[in-house]
Amino acid sequence: MSNRKGPPGSQPFMKRPDNTAFKQQKLPAWSPTLKAETVLPFFFVSGAACIMIGVLLIITAAGVQEIKVDYTEERDCAECYSLRLDRANSIIDCACTVFFSLSEAFKGDVFMYYGLTNFHQNQRHYMVSRDDAQLVGRQYNLKNPSITCVPFDKYKNGTPIAPCGAIANSIFNDTLQLFYHTDKNTETPVPLLKTDISWFTDRTVKFQNPSPMDNLTAAFAGTARPFYWWKPVYQLSVEENNNGFVNEDLIVWMRQAAFPSFKKLYRELNRTQEFNDGLPAGNYSVKISYNYPVGKFRGRKSVIFSTVSWLGGHSNFLGVAYCASGAIILIVAIILTVVHLKFREKPLGQEEE
Amino acid sequence: MLCEVCDTLGPQSRVRQRAVPLDFSFNALADRRFVFFDHALLEAVKVGQPATHEFFRLLALCHTVMSEEKSEGELYYKAQSPDEGALVTAARCFGFVFRSRTPHTITLQEMGRPATYQLLSILDFNNIRKRMSVIVRNPEGRIRLYCKGADTLLFERLHPCNQDLMNITTDHLNEYAGDGLRTLLLAYKDLEESEYEAWSERLQRASKAVDCREERLAAVYEEIEQDMMLLGATAIEDKLQEGVPETIAILTLANIKIWVLTGDKQETAVNIGYSCKMLTDDMTEVFFVTGRTVHEVREELRKAREKMMDSTRTLGNGFPYQQEKLDPPKGSSVLEAIPGEYALVINGHSLAHALEADMELEFLETACACKAVICCRVTPLQKAQVVELVKKYKRAVTLAIGDGANDVSMIKTAHIGVGISGQEGIQAVLASDYTFSQFKSLQRLLLVHGRWSYLRMCKFLCYFFYKNFAFTMVHFWFGFFCGFSAQTVYDQYFITLYNIVYTSLPVLAMGIFDQDVPEQRSLEYPKLYEPGQLNLLFNKREFFICIAQGIYTSVVLFFVSYGVFADDVTQLADYQSFAVTVATSLVIVVSVQIALDTGYWTAINHFFIWGSVAMYFAIMFAMHSDGLFNIFPNQFTFVGNAQNTLAQPAVWFTILLSTVVCIVPVVTFRFLKLDLKPQLSDTVRYTQLVRKKQKPQGRRLRIVGRTGSRRTGYAFSHQEGFGELITSGKNMRLSSLALSSFTGRSSASWIDTLRKKRGTESPAAQQVSAGVSPQGAEASQVSGGVPLAAPETGATGPAGGASAPGPASITEECAVKE
């Protein structure tokens, strides 16, 4: 087009658009319309498909076993609960135990979660209060936490906090230990795995210790623990590869929940010895080192045990939603069919047919 | 068939069908663009029949055309009316070449021999006389009067001995008029020297008269234009631009009201009205408003209204109830619903009164009740006033189309201004929104491109509101769960890119390419234009439907995902996975929605829609990649999210469910609408599909043949005053300059002086443009700019000037009735 230049009027067709299908709006095209022959079968098929998916999901979810033990004020935890209402008592240790029993064995992999309610991890100011550059081990950010961490970035004397920010500061610090009671007097600690409970990308990419990685004490020298922590970040665990920023409890906590009631993966059953097939039926107890105060925000704490399926947890929401949608679609399909056969206004062309 | 010698000697053969055009190669000065088909006529000229020669001599002498010979043999004629130009050109090609003129001579080249005639006087044309004559002294010294004019007037002034020839000619004239041609009689008269001397003296006296000069002159002219000998008749096709009547018919069917505002005289305007089928013989009545005082005009308008009301009453007798039901209680609606077809022709001086504040409503109501409205002799200002009037009271969208400088004000006043590019200069073109060279392009502009444009714009707008509501409202629902802390649901990059990358191109492609019905169908069914007039595709209701749909979508997107995430599925409770799930659902849902909205899937639509979805995933994976995170850990905090989240089957089930729940109601409602209340476009679309399966059919719309019963008189486009100008020689001094700048519209030229005198534009200066619109190009600027008609095959050979229907103002009414 641009190659056709000339003084105005020299070529009468200078401004004529090219005679191409594109410019003349004559591109070959497919013009679909909603026709009864396509719409009605589509409705019936999709309705049926939805119901089938729904049933499949419900069956899958039904195969997942789950037990939830709310220990906020359970038995002796009630004392701890009231103790933790006052911040001044935070230096006092408080331990309690809750009991539960499984009527049937949890087969396969069993996961242990802690659940919190009414805890708004999705609050804007809370969510941004972290420094991912620090958590990935950058030296500069380690010593100079991001401004987003304020006021959890530095002590008054200027010592930087690692990890900085409100999220890390409020880490869930109850310790939960699971025991299996074979009879009244013997309790066997259930072996639990502390690792592999976070996303692979999180523990390998998103969270990295600062160098030197083999000496975390040195690596974190010049930084201090968050205000509410009892120990510095390099003492979170005794295991080398689960310490510092790559401690998986920290990583799990740092992945904020979308909604105020959430559960986070705490441990995974180590399937050895008698727990080779999962958790056998019987009595269990969870010994809790009750540190985390929830009374102030009227939250609840719980411990959850669950098996998994290919789909996920023990949730029926998707299955029910699919079934309901499928049913509605089928009803609509029937209504549409009736309407189409009885009430439709015949387009001109159809009469000719 | 334009011009034909009708004498008793010459055989009359009319070549109607395709024939071999005449070969004018014997004549070096012939205009090559001139095409003629009657071989007998050329034979008669070559043989040297005196009557035939005289016939063409008359055509070459009796006119007010100016010639310009830039180089030897290269003649250009500047005719003030195209009819004259055509006749002189015809004479030129048949060997009687008008070469040049001075105030007192006319030089011809007759069959190759130069001949100079002494121009003794020009008896100029005017409205009443409807004829013009020249008195010349031929090289042999004989004085002869040549006259051409309207048949009715000339027949009375012929010598009685012409009776036989008159009868034959009358038959021919009737035949021509039946074909809608403009006829002209040619006659001559030999004058004795003494006779002329005496008359000339009387003329001198009359022209020096102080009072009633015009009348005196006319009387003197009358004296000499008596007992003339009939030479023959010419017929000129008043060739409108191609397709004008069809265009007007189609636009009328599309519920567009057409008003013609022209500077022409009433006769010309009415004539054009007939030839472009705005006025028809089967109209109930054509009202002429020609009053010169306020009172007269008011009276005439009142009478017109009363007549229409009367007919309503008489016709409505059979079903008075129905009539009442039809009429909403509105004052003007009675007139809107009148049966019968009426037309209103109003004169400029009457219009001046009609446009006054106290009468304008009356005028508008009367005019709106008429099928056709023609305002003639209107000034440019009045044109604008009329458009303004309609704009003010009728809530209508107005479109003004014109070709002349005096249409500029009207073009600027109307909502849409269209300029016709042609011989009239470029002022109108420069002031207009759209420009083309052919009036008939208007139907494509409105019915095809205008319609598509409206459709596309409405769909585009609806979709835009929809997709942004679906996108944004999710945050509102999320607010209930994050303490209204302004936490966004999506990743910041998704928010940035959603509108500009993920969802912009498909809707843009729809806005550019969408067609509900193909162009041929929208021309075939002008009723398809109606939704735009009634504002059906985008109004408050449609707007709220879009918004409701957007909000519904956001509810589904949020709460389906919420159901899954709050109900703790393993590993899936974190905010970032939620963000990815909702964002992916959103992109897929709006893409499915645009796929549903797109009615015309070109390769580009496919590319954009699929491409946008693919782009979403590509960009998401890139944004969530290790590489970017390692460079900017604080900016790309979603690292690893895409692969971890989308690896979960539950996420895909969530997305699928959201999509189904969002789309099924839309499909349901659309299907129901299509099934129960199909719009015309749906029906046309459907028949299109059916037709495609069957064999392709021809176009339904046949071009209506030209029929007419009106006998036209002297070329109505003719103007008086030129004869005087020529004899005074005023134009000669300037002529070369003026002529060269004619097309350029030099402000100082004599043509402008004349224009001012006439107060309006030249009506028929618009010539046929030779160009043929390129295949549907929008506003294609094809200006042939050929002074004479383009050679055409078929019988309609070279016409004289083909006039556009004058500068017409087309007023498009939103159907007030509904």
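Residues numbered from 1 in each chain as written. Chains lettered and ligands numbered in written order. Predicted model: local features only at pLDDT ≥ 70, side-chain atom pairs only at ≥ 80, totals over all residues. Heavy atoms only, no water.

Turning next to the sheet that holds strand β8 (residues 192-193) of chain A. Residues and elements named next belong to chain A. Strand order across the open sheet formed by 5 strands is β2-β12-β5-β9-β8, with antiparallel pairing between neighbours. The sheet terminates laterally at β2 (66-70) and β8, the two strands that pair on one side only. As paired strands, β2 and strand β12 (residues 301-307) are joined by 5 bridges and run antiparallel to one another. Looking across to β12, one finds that Glu 66 is bridged to Ser 306. (Pairing = 2+ DSSP bridges. Helix = DSSP H or I, 4+ residues; strand = E, 2+ residues; numbered from the N terminus.)

This next bit is on the interface of chain A and chain B. Taken together, the contact pairs 79 residues of chain A with 86 residues of chain B. Interface of chain A and chain B: buried area, both sides summed, is about 7,100 Å²; carbon and sulfur atoms make up 63% of it. Contact with chain B buries area across many residues of chain A, yet A:Gln25, A:Trp199 and A:Phe259 alone supply 11% of it, more than any other trio. Where chain A packs against chain B, one counts 2 salt bridges. Summed over the shared surface of chain A and chain B, the result is 24 residue pairs in polar contact (both at pLDDT 80 or more). Looking at the side of chain A that touches chain B, the elements that each hand over two or more residues are β1 (29-30), α1 (36-62), α3 (124-127), α4 (132-135), α7 (200-206), β9 (262-269), α10 (317-342) and α11 (348-352) of chain A. Here the residues of the side of chain A that touches chain B are counted per class, giving 43 nonpolar, 20 polar and 16 charged. With 2 bridges joining them, β1(A) and strand β18 (residues 601-602) of chain B adopt antiparallel strand pairing. When the sheet's bridge partners are listed, A:Trp30 is paired in β18(B) with B:Trp601. (Contact = heavy atoms within 4.5 Å. Buried area = accessible area lost by both parts, 1.4 Å probe. Salt bridge = Lys/Arg side-chain N within 4 Å of Asp/Glu carboxyl O. Polar contact = N/O pair within 3.5 Å; in protein donor to acceptor, adjacent residues only side chain to side chain. Nonpolar A, V, L, I, M, F, W, Y, C, P; charged D, E, K, R; others polar.)

Following the criterion strictly, the structure yields 45 salt bridges over all chains and no others. Between A:Arg203 and A:Asp196 there is a salt bridge whose closest N-O contact spans 2.8 Å. Residues B:Arg129 and B:Glu225 are paired through a salt bridge, measuring 3.0 Å at the closest nitrogen-oxygen approach. With B:Arg129 in the loop between β6 (113-123) and β7 (131-137) and B:Glu225 in the loop between α7 (213-224) and β10 (229-237), this pair connects stretches of sequence that are 96 residues apart. Owing to a relative accessible area of 0%, B:Glu225 belongs among the buried residues under this scheme. Each of B:Glu54, B:Arg57, B:Glu110, B:Arg142, B:Arg144 and B:Asp190 takes part in a single network of salt bridges with overlapping partners. (Buried < 20%, exposed > 50% of the residue type's maximum accessible area, 1.4 Å probe, protein only.)

Below, the discussion takes up the state of the cysteines. All names here are of chain A. Evaluation of the coordinates by the stated rule reveals 3 disulfides over all chains. Two residues share a disulfide in this structure: Cys 80 and Cys 94, whose sulfurs sit 1.8 Å from each other. Disulfide Cys 80-Cys 94: the torsion about the S-S bond is -80°, which places it as left-handed. Here Cys 80 is found in helix α2 (residues 77-83), whereas its partner Cys 94 is found in the loop between α2 and β3 (95-102), with 14 residues between them in sequence. Across the pair, Cys 94 and Cys 80 agree in class, each one buried. The partner cysteine of Cys 149 in its disulfide is Cys 164, sulfur to sulfur 2.0 Å. (Disulfide = S-S within 2.5 Å.)

Residues and elements named next belong to chain B. Within this structure's numbering, the places UniProt gives as "binding site: ATP" (unreviewed entry) are Glu 84, Phe 125, Lys 148, Arg 182, Thr 262, Gly 263, Asp 264, Arg 377, Lys 383, Asn 406 and Asp 407. Look at the named residues: they lie 324 residues apart in sequence, and the longest C-alpha span between them is 34.0 Å, so in the fold they stay spread out. By the element assignment, Asp 264 lies in the loop between β11 (257-261) and α9 (266-275). Asp 264 sits in the buried class, given a relative accessible area of 2%. By secondary structure assignment, the location of Asp 407 is in the loop between β15 (398-402) and α16 (408-413). A distance of 2.6 Å separates the side chain of Asp 407 from the side chain of Lys 383, its partner in a polar contact. (UniProt positions renumbered as here; feature names shortened; annotations may be inferred.)

Of the consecutive residues A:Val150 and A:Pro151, the connecting peptide bond is found in the cis state with omega at 10°. Among the secondary structure elements, A:Pro151 is positioned in the loop between α5 (139-143) and α6 (166-169). Even without a glycine there, the phi angle at A:Arg75 is positive, about 45°. For A:Arg75, the location among the structural elements is in the loop between β2 and α2. Phi is positive for B:Lys277, which is not a glycine, with a value near 65°. Position of B:Lys277 relative to the elements: it lies in the loop between α9 and β12 (285-289). Here B:Lys277 falls in the partly exposed class, since its relative accessible area comes to 26%.

A separate point is empty space enclosed by the protein. Residue and element names in this part refer to chain B. Applying the stated criterion across every chain yields a total of 10 cavities of 30 Å³ or more. The space that makes up the second largest cavity amounts to roughly 100 Å³. In terms of lining residues, the second largest cavity is bounded by Asp 491, Tyr 493, Phe 494, Tyr 502, Ala 579, Val 580, Ala 583, Tyr 616, Ile 619, Met 620, Met 623 and His 624. Of all the elements in the fold, those that place two or more residues in the lining of the second largest cavity are α19 (492-502), α24 (575-597) and α25 (603-623). Broken down by element, the lining of the second largest cavity gets its largest block of residues, 4 residues, from α25. (1 Å grid on protein atoms, 1.4 Å probe; cavity = no way out; pocket = protein on both sides within 12 Å on 5 of 7 lines; lining within 4 Å. Points joined across faces, edges and corners; volume = space filled by probe spheres on them.)

With that settled, the discussion passes to the UniProt feature "transmembrane region" (unreviewed entry) in chain A. Residues and elements named next belong to chain A. The sites that carry the UniProt feature "transmembrane region" (unreviewed entry) are, in the present numbering, residues 39-59 and 317-339. Secondary structure across residues 39-59 divides into 100% helix and 0% strand, with the first and last C-alpha atoms of the span separated by 30 Å. Across residues 317-339, the secondary structure splits into 100% helix and 0% strand, with the terminal C-alpha atoms separated by 32 Å.

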